[in-house]
Amino acid sequence: MKRQLLGVAAFMLALSAHAQDNPLWMRYCAISPDGTSIAFTYKGDIYRMGSMDIFVVDREGGIPKRLTTHSGNETPVAFKDADHILFLANVMPSAEDAQFPSGQFQQVYEVSTTGDRPVMFSSMPMEDISINKTGNALLYHDKKGYEDPWRKHHTSSITRDIWLCSLDGKRSYRKLTSFNGEDRTPVWASDGKSFYYLSEEKGSFNVFKRALDGTSSTQLTHHTK
């Protein structure tokens, strides 16, 4: 019996060591702009200050620097440029926002990496923001109401669409998709003239590539379920 228990213990230790060498459930991966490294979450959150705050840390490690102190939760979205970060938070919608007040409609804020006071970037919800290489335009999908992001084959008036926001001078917006189902999570292509995105237009959450001017659209994956 003792030998059996020792054998089980040795087996569990071996599994534990193997798990450390090959960690599972690495989630929410993000690739660096130069494509040389990947950041990811593992085993939950890194920092807890009573609410989710924004920190910046060197990619090789070091002392984290706290950038936000709001009592609610903040979620980092993207680097607007080398010195500014865009993040989502529920603080105070502007008077120009025509949507009804709700905690599900987060605003987009901007904060510098030096930790200055955050400023509102957009009172209108903008999710999965992707900024181009020159920093003068961004892609995002809208949010018209609540819908489970994992729901498939859903068509209604609140499904997500993809928009282009120009940051040159006066900000302007242009809707890029009009399918009556889910079009979301845009990512710029390397040419800066097209983008990749997920769509339920054919099958279930397939990857498409589309030109900004709408002249071409190519389906790249063909999942049906």
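Residues numbered from 1 in each chain as written. Predicted model: local features only at pLDDT ≥ 70, side-chain atom pairs only at ≥ 80, totals over all residues. Heavy atoms only, no water.

Caption draft 1: Spotlight on the overall build of the protein. The number of helices and strands found in the protein is one helix and 16 strands. The buried share among the 225 residues of the protein stands at 31%. Within the protein, contacts between residues at least 6 apart in sequence are counted, and of these 31% link residues at least 24 apart. Of the roughly 14800 Å² of accessible surface on the protein, a fraction of 57% belongs to carbon and sulfur atoms. (Helix = DSSP H or I, 4+ residues; strand = E, 2+ residues; numbered from the N terminus. Buried < 20%, exposed > 50% of the residue type's maximum accessible area, 1.4 Å probe, protein only. Contact = heavy atoms within 4.5 Å. Areas by Shrake-Rupley, 256 points an atom, 1.4 Å probe, with all protein chains shown as cover.)

Caption draft 2: Structural detail: a nonpolar patch on the surface. Nonpolar side chains collect at one region of the surface, where Met26, Ile31, Ile38 and Phe40 lie side by side and expose about 410 Å² of accessible area between them. Mapped onto the elements of the fold, Met26 is located in the loop between α1 (2-21) and β1 (27-31). (Patch = residues over 30% accessible without salt bridge, like charges linked within 9 Å, V, L, I, M, F, W, Y side chains within 5 Å. Salt bridge = Lys/Arg side-chain N within 4 Å of Asp/Glu carboxyl O.)

Caption draft 3: Seen up close, the packing of aromatic side chains. As enumerated under the stated definition, the model contains three aromatic pairs in all. Judged by centre distance (5.8 Å) and plane angle (25°), the ring pair of Phe87 and Tyr109 falls under stacked. You can see Phe87 sitting in strand β6 (residues 84-89) and its partner Tyr109 sitting in strand β7 (residues 107-112), a full 22 residues away along the chain. Accessibility classification places Phe87 together with Tyr109 in one group, the buried group. Taken together, a centroid distance of 5.3 Å and an interplanar angle of 40° make the contact between Phe195 and Tyr197 tilted. (Phe/Tyr/Trp six-rings, centres within 6.5 Å; stacked < 30°, edge-to-face > 60°.)

Caption draft 4: How the structure looks around the pairing of strand β15 (residues 206-211). Of the strand pairs in this sheet, strand β14 (residues 194-199) and β15 are connected by six bridges, and their pairing is antiparallel. Bridge pairing links Leu198 to Val207 in β15. A loop of six residues connects β14 with β15, the two strands running antiparallel in sequence, and Gly203 in this loop sits at a positive phi of about 85°. Here three bridges tie β15 to strand β16 (residues 217-219), and the two strands are oriented antiparallel to one another. (Pairing = 2+ DSSP bridges.)

Caption draft 5: View of the pattern of salt bridges. One pass over the structure, following the stated rule, counts eleven salt bridges. Residue Glu110 pairs with Lys80 through a salt bridge whose shortest N-O separation is 3.1 Å. With Glu110 in strand β7 and Lys80 in strand β5 (residues 74-81), the pair connects residues that are 30 residues apart, well separated along the chain. On the accessibility criterion, Glu110 (13% relative accessible area) is buried. With a shortest N-O distance of 3.6 Å, Lys175 and Asp161 are connected by a salt bridge. Of this pair, Lys175 sits in strand β12 (residues 172-175) while Asp161 sits in the loop between β10 (137-141) and β11 (162-166); the two residues are 14 residues apart in sequence, bridging distant segments of the chain.

Caption draft 6: Highlighting the sheet that holds β7. Taken in spatial order, the four strands make up an open sheet running β5-β6-β7-β8, and their pairing is antiparallel. The outermost strands of the open sheet, each flanked by one partner alone, are β5 and β8 (119-122). Strand-to-strand twist across the sheet, computed as the mean angle between neighbouring axes with direction ignored, equals 35°. Looking at chain direction, β5 and β6 are connected through six bridges and run antiparallel. Within the sheet, the bridge partner assigned to Glu74 lies in β6 and is Ala89. (Axes fitted to C-alpha atoms, helices over the stretch in contact; angles between N-to-C directions.)

Caption draft 7: A look at unusual backbone geometry. At Asp128, a position not held by glycine, the phi torsion is positive, near 50°. Note on placement: Asp128 falls in strand β9 (residues 127-131). Look at Thr185: it is not a glycine, yet its phi comes out positive at around 55°. Within the secondary structure layout, Thr185 lies in strand β13 (residues 183-188). Thr185 gets classed as partly exposed once you look at its relative accessible area, which sits at 26%.

Caption draft 8: The arrangement of the environment of His141 in detail. With respect to the helices, strands and loops of the structure, His141 is situated in strand β10. Along the backbone, His141 and Tyr197 are 56 residues apart, and their C-alpha atoms lie at a distance of 9.8 Å. In this structure His141 touches Met126, Glu127, Asp128, Arg160, Asp161, Ile162, Asp183, Arg184, Thr185 and Pro186, once residues within four positions along its chain are discounted. Within the structure, His141 has its side chain in polar contact with the backbone nitrogen of Thr185 (distance 3.1 Å). (Polar contact = N/O pair within 3.5 Å; in protein donor to acceptor, adjacent residues only side chain to side chain.)

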